[in-house]
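Observations on the three-dimensional arrangement
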Amino acid sequence: MTTTVWVGGHVVADGGRVAALDHGVTVGDGAFETCKIVDGQPYALTRHLRRLRRSLDILAITPPDDEQVREAVAQTLAAASAAAGAPLPLGRLRITVTAGAGPLGSERSDVPPTLVVAAAPAAPWPGHIEVASVPWTRNERSAVAGAKTTSYAENVVALRAAKQKGAHEALLANTAGMLCEGTGSNVVVLEGDRLVTPPLSSGCLAGISRELFLEWAHEEGLPVVEEDVPFERLAFVEDLLLTSSTRDVQQVNVVDGRVLPGSPLGKAAVDLFARRGAERLDP
């Protein structure tokens, strides 16, 4: 799989370089966005750039100019299409901004941020999805709660544990014992005749697909609400959905080894997102 990288003002052929003492490398001091690529173009880029700015505001990192980021994205995708001989039908675009070069500790230097853009082909998620709960928690009162930071070691460990159980994704509670999110996805569960997703106060990331799904469900009368869900309720749910920028809205087949029957309401959610998501490239 070939990855095209933009760094330092231009697309580079060898994967690029950042400073060895870049704060994104030494202490994970940065934020990022992952967009779906559809036919060589980024999906929902405006919303992703808005969330990137929110994350950088939380981290107190000066964000790069939106036009600079858009130009870097355009150059990266053009180069990726040229390398593939055609626009990528499906891919993953990552936009990363770090605090730039700094000392070895947590203190920052007064330097411009580092911007890196990368694009790579992607394969669709499998039709059969399994998830597993893990014992670690999200801290909904963290200083960086709600920010999509480059400090992803917690997710790496949690996802590895889930994969050791044969699952595709890990589900985490928060410190209050409420369902929070997956390592790279938001969660929706069936509760009676409603679909329920944890509120942002749970500490979950404000996912772009989650945001779009809530908006479209409200517009079309699909019963979806934001409410706390006790983590132990995973043992009884009959339908569970994951939302993310690379998977859209997807029904889960197995939770902690238990096969879910699914529901017409969950299927309606998947169909709604597929239909509305195809209407515009930048909703």
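All of the points below concern the structure found in this document.

Cut-offs used in this document
- Residues numbered from 1 in each chain as written.
- Predicted model: local features only at pLDDT ≥ 70, side-chain atom pairs only at ≥ 80, totals over all residues.
- Heavy atoms only, no water.
- Axes fitted to C-alpha atoms, helices over the stretch in contact; angles between N-to-C directions.
- Helix = DSSP H or I, 4+ residues; strand = E, 2+ residues; numbered from the N terminus.
- Parallel < 35°, antiparallel > 145°, perpendicular 65-115°, else oblique.
- Contact = heavy atoms within 4.5 Å.
- Nonpolar A, V, L, I, M, F, W, Y, C, P; charged D, E, K, R; others polar.
- Buried < 20%, exposed > 50% of the residue type's maximum accessible area, 1.4 Å probe, protein only.
- Pairing = 2+ DSSP bridges.
- Core = buried A, V, L, I, M, F, W, Y, C linked by side-chain atoms within 4.5 Å.
- Expected span 1.5 Å × (residues − 1).
- Arc of directions from axis to C-beta.
- Salt bridge = Lys/Arg side-chain N within 4 Å of Asp/Glu carboxyl O.
- Phe/Tyr/Trp six-rings, centres within 6.5 Å; stacked < 30°, edge-to-face > 60°.

Our focus in this paragraph is the packing of helix α5 (residues 208–220) against helix α6 (residues 264–277). With their axes 10 Å apart at the nearest point, α5 and α6 run at an angle of 100° to one another. Taken together, the axes of α5 and α6 lie roughly perpendicular to each other. Of α6, the residues touching α5 (which contributes S209, L212, F213, W216, A217, E219 and E220) are A269, L272, F273, R275, R276 and G277. In terms of residue class, the contact of α5 with α6 is built from 7 nonpolar, 2 polar and 4 charged.

Our focus in this paragraph is the pairing of strand β6 (residues 114–121). Burial within β6 is extensive, with 7 of its 8 residues counted as buried. Alignment of strand β1 (residues 4–7) against β6, held across 4 bridges, turns out to be antiparallel. The partner of T4 across the bridge, within β6, is A119. Pairing geometry for strand β5 (residues 90–98) and β6, over 8 bridges, is antiparallel. The residue bridging T98 from the neighbouring strand is T114, located in β6.

This next bit is on the sheet that holds strand β9 (residues 179–182). With mixed pairing, 5 strands are arranged side by side in an open sheet as β9-β8-β7-β15-β16. Sheet topology places β9 and β16 (258–259) at the edges, where each strand pairs with a single neighbour. Summarising the sheet, strand β7 (residues 130–138) and strand β8 (residues 169–174) pair through 5 bridges and their orientation is parallel. Residue pairing for β8: R138 is matched across the bridge by N174. Helix α4 (residues 153–164) contacts β7 and β8 of the sheet and is inclined by roughly 140° relative to β7.

A separate point is the nonpolar core. Ranked by internal contacts, the top residues of the largest apolar core, which has 23 residues, are L52, V73, L93, I95, L115 and V117. Looking at this core, the elements that each hand over two or more residues are β3 (30–38), α2 (45–59), α3 (66–84), β5 and β6. Counting 19 residues, the second-largest nonpolar core is a separate cluster that includes A44, W216, A217 and L222.

Look at α4: 17 Å from first C-alpha to last across 12 residues, which is about the 16 Å you get at 1.5 Å a residue. Within α4, the full set of buried residues consists of N155, A158, A161 and A162. One side of α4 holds all its buried residues, which, seen down the axis, span an arc of 130°. For α4, the exposed residues set more than 90 degrees away from the buried face come down to A153, V156, R160 and Q164. On its buried face, α4 is in contact with β7 and β8. Where α4 terminates, the next one or two residues include G166, which has phi positive at roughly 85°.

With that settled, consider the environment of I129. Checked against the element boundaries, I129 lands in the loop between β6 and β7. Residue I129 is classed as buried on the basis of its relative accessible area of 0%. A C-alpha to C-alpha distance of 8.4 Å links I129 and Q250, two positions 121 residues apart in sequence. Once residues within four sequence positions are removed from consideration, I129 is found in contact with H168, L242, R247, Q250, Q251, V252, N253 and V254.

A few words now on the pattern of salt bridges. Pairing is possible between side chains of opposite charge, provided their charged atoms come close. Within the structure shown, the criterion is met by 16 salt bridges. In this structure, R51 engages E33 in a salt bridge whose closest nitrogen and oxygen atoms are separated by 2.7 Å. Separated by 18 residues along the polypeptide, R51 in helix α2 and E33 in strand β3 bring together distant segments of the chain. Assigned by exposure class, R51 and E33 land together as buried. The partner of E226 in a salt bridge is R210, and the shortest N-O contact between them spans 2.6 Å. Of this pair, E226 sits in strand β12 (residues 224–226) while R210 is found in helix α5, placing the two residues 16 residues apart along the sequence. The class for E226 is partly exposed, based on a relative accessible area of 42%.

We now examine the pairing of β9. Two strands pair when backbone bridges link them, and β8 and β9 are joined in this way by 3 bridges, in the antiparallel orientation. What sits directly across from L171, in β9, is G182. As consecutive antiparallel partners, β8 and β9 are separated by 4 residues, and within that stretch G177 has a phi angle of approximately 80°, a positive value.

What follows is about the packing of aromatic side chains. For the structure on display, the rule yields 2 aromatic pairs. Their ring planes at 75° and their centres at 5.2 Å tell us that F32 and Y152 sit as a pair that is edge-to-face. Separated by 120 residues along the polypeptide, F32 in strand β3 and Y152 in the loop between β7 and α4 bring together distant segments of the chain. A relative accessible area of 4% means that F32 is categorised as buried. Where W216 meets F273, the ring centres are 5.1 Å apart and the plane angle is 55°; that geometry is what we call tilted. Taken together, the positions of W216 in helix α5 and F273 in helix α6 put the pair 57 residues apart, joining distant regions of the chain. F273 matches W216 in its accessibility class, with the two residues each being buried.

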